[in-house]
Amino acid sequence: MWRRATTQSSITSLSASASLFKKPINIISHTFTSTPTPTPTPIPFHPQETDGIPPKHISRFITFVLGGPGSGKGTQCAKIVETFGFKHLSAGDLLRREIVSDTKYGSMILTTIKEGRIVPSEVTVKLILREIQSSDNLKFLIDGFPRSEENRIAFEQIIGAEPNIVLFFDCPEQEMVKRVLSRNQGRIDDNIDTIKKRLKVFEALNRPVIDHYAKKGKVHKINAVGTEDQIFEQVRPVFAAFEQDADLKAV
Ligand SMILES: Nc1ncnc2c1ncn2[C@@H]1O[C@H](COP(=O)(O)OP(=O)(O)OP(=O)(O)O)[C@@H](O)[C@H]1O
Ligand SMILES: Nc1ccn([C@@H]2O[C@H](COP(=O)(O)O)[C@@H](O)[C@H]2O)c(=O)n1
Ligand SMILES: [Mg+2]
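Because the structure is predicted, anything quoted here is derived from the model rather than measured.

Peer 1: Teacher, can you tell me more about the site of ligand 1 here?
Peer 2: Near ligand 1 you find 17 residues, and of these Gly 72, Lys 73, Gly 74, Thr 75 and Arg 179 are the closest. Elements with a contribution of two residues or more to the shell around ligand 1: helix H3 (73-84), helix H8 (173-181) and helix H10 (228-243). Looking at the shell around ligand 1, the element that brings in the most residues is H3, giving three residues. The residue makeup of the shell around ligand 1, split by class, is three nonpolar, ten polar and four charged.

Structure follows, in structure tokens:
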């Protein structure tokens, strides 16, 4: 199941990253298109049988959560977690945690985030996979990832499969800028200069990823303008459709 990536950087090899993760990942093979139709999952999940460790035959369900800076990804992920019991993995939060922990990548990540650029995929994929492998949950929201085709290809090569669905929060730039500038969480990239760069990076590098999954019928486009609750009412049916699957019920 683990595959060696062919795109390498000087930081670390993906084969070394993969060796950190002992358990192979199975991804639920079914997907749905623009009209969500839940497909029964063949193997129901019975938590008591797993003793905390998902058996190999039990599949994980991966959602990529995409959208520009300040489009409301994190805010909506919190609601999805509360309602549907997913595990939320924010790529940005994982990278910021590396800065605070002063790991060997910390200073490189800090510089990259300050400049609104994308951290090399090897680093980010390794952080995400470590979280997936150490979680008892089988349902993941991967927020702010993949940010580029390089991110996407690295993830798919290591996992050997694609996400089940992709949420895309579609928000006008003016609204995103307004939200980020009033976020007030002390983020080093929440300033007008970095926001302009992040918006350019979003259009240049993240759009192609959304287009890629849209062609495959995996993208659920959400109008991200409105109150948080109004937006969640568009998100809810996407996951409610899957709730009918035994192994996607909140546990
Ligand atoms: N529907 C909304 N209306 C107004 N403000 C919102 C809405 N949703 C979220 N916000 C606010 O906008 C800011 C950005 O939201 P959030 O952090 O969820 O965005 P994000 O997409 O995760 O951004 P980033 O990519 O920069 O991490 C936050 O201060 C949040 O409280
Ligand atoms: N896949 C990713 C995700 C994020 N980054 C960097 O972190 C910054 C903040 O990300 P948020 O999702 O919290 O907005 C982002 O601007 C990138 O610099 C990344 O490199 N790769
Ligand atoms: Mg966020």
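Peer 1: Could you clarify how one ought to interpret unusual backbone geometry in this entry?
Peer 2: Only a minority of non-glycine residues have a phi that is not negative, and only a minority of peptide bonds are not trans. Residues Phe 145 and Pro 146 are joined by a peptide bond in cis, for which omega reads -5 degrees. The residue Pro 146 is located in the loop between strand S3 (139-143) and helix H7 (149-159) in this model. Backbone geometry at Asn 184 places phi at a positive 60 degrees, although glycine is not the residue there. Here Asn 184 falls in the exposed class, since 7 other C-beta atoms lie within 10 Å of it.

Peer 1: Help me understand the pairing of strand S4 (residues 165-170) in this model?
Peer 2: Residues in a regular strand point their side chains to alternate faces of the sheet. Along S4, five of the six residues are buried, which leaves the element largely enclosed by surrounding structure. Bridge count for strand S1 (residues 61-67) against S4 is five bridges, and the pairing is parallel. Considered in S4, the bridge of Phe 64 is made with Val 166. Bridge analysis of S4 against strand S5 (residues 219-223) gives five bridges, and the strand direction is parallel. Looking at S5, one finds that Val 166 is bridged to Val 219.

Peer 1: What am I meant to see in the pairing of S3 here?
Peer 2: With respect to burial, S3 is a largely interior element, five of its five residues being buried. Of the two faces of S3, the one lined by Lys 139, Leu 141 and Asp 143 and the one lined by Phe 140 and Ile 142 are each fully buried. With five bridges joining them, S1 and S3 adopt parallel strand pairing. Residue pairing across strands places Ile 62 opposite Phe 140, the latter belonging to S3. Bridge analysis of strand S2 (residues 87-90) against S3 gives four bridges, and the strand direction is parallel. By the bridge assignment for S3, Lys 87 is matched with Phe 140.

Cut-offs used in this document
- Residues numbered from 1 in each chain as written.
- Chains lettered and ligands numbered in written order.
- Predicted model: local features only at pLDDT ≥ 70, side-chain atom pairs only at ≥ 80, totals over all residues.
- Near = placed C-beta within 6 Å.
- Helix = DSSP H or I, 4+ residues; strand = E, 2+ residues; numbered from the N terminus.
- Nonpolar A, V, L, I, M, F, W, Y, C, P; charged D, E, K, R; others polar.
- Buried ≥ 20, exposed ≤ 12 C-beta atoms within 10 Å, placed from the backbone.
- Pairing = 2+ DSSP bridges.

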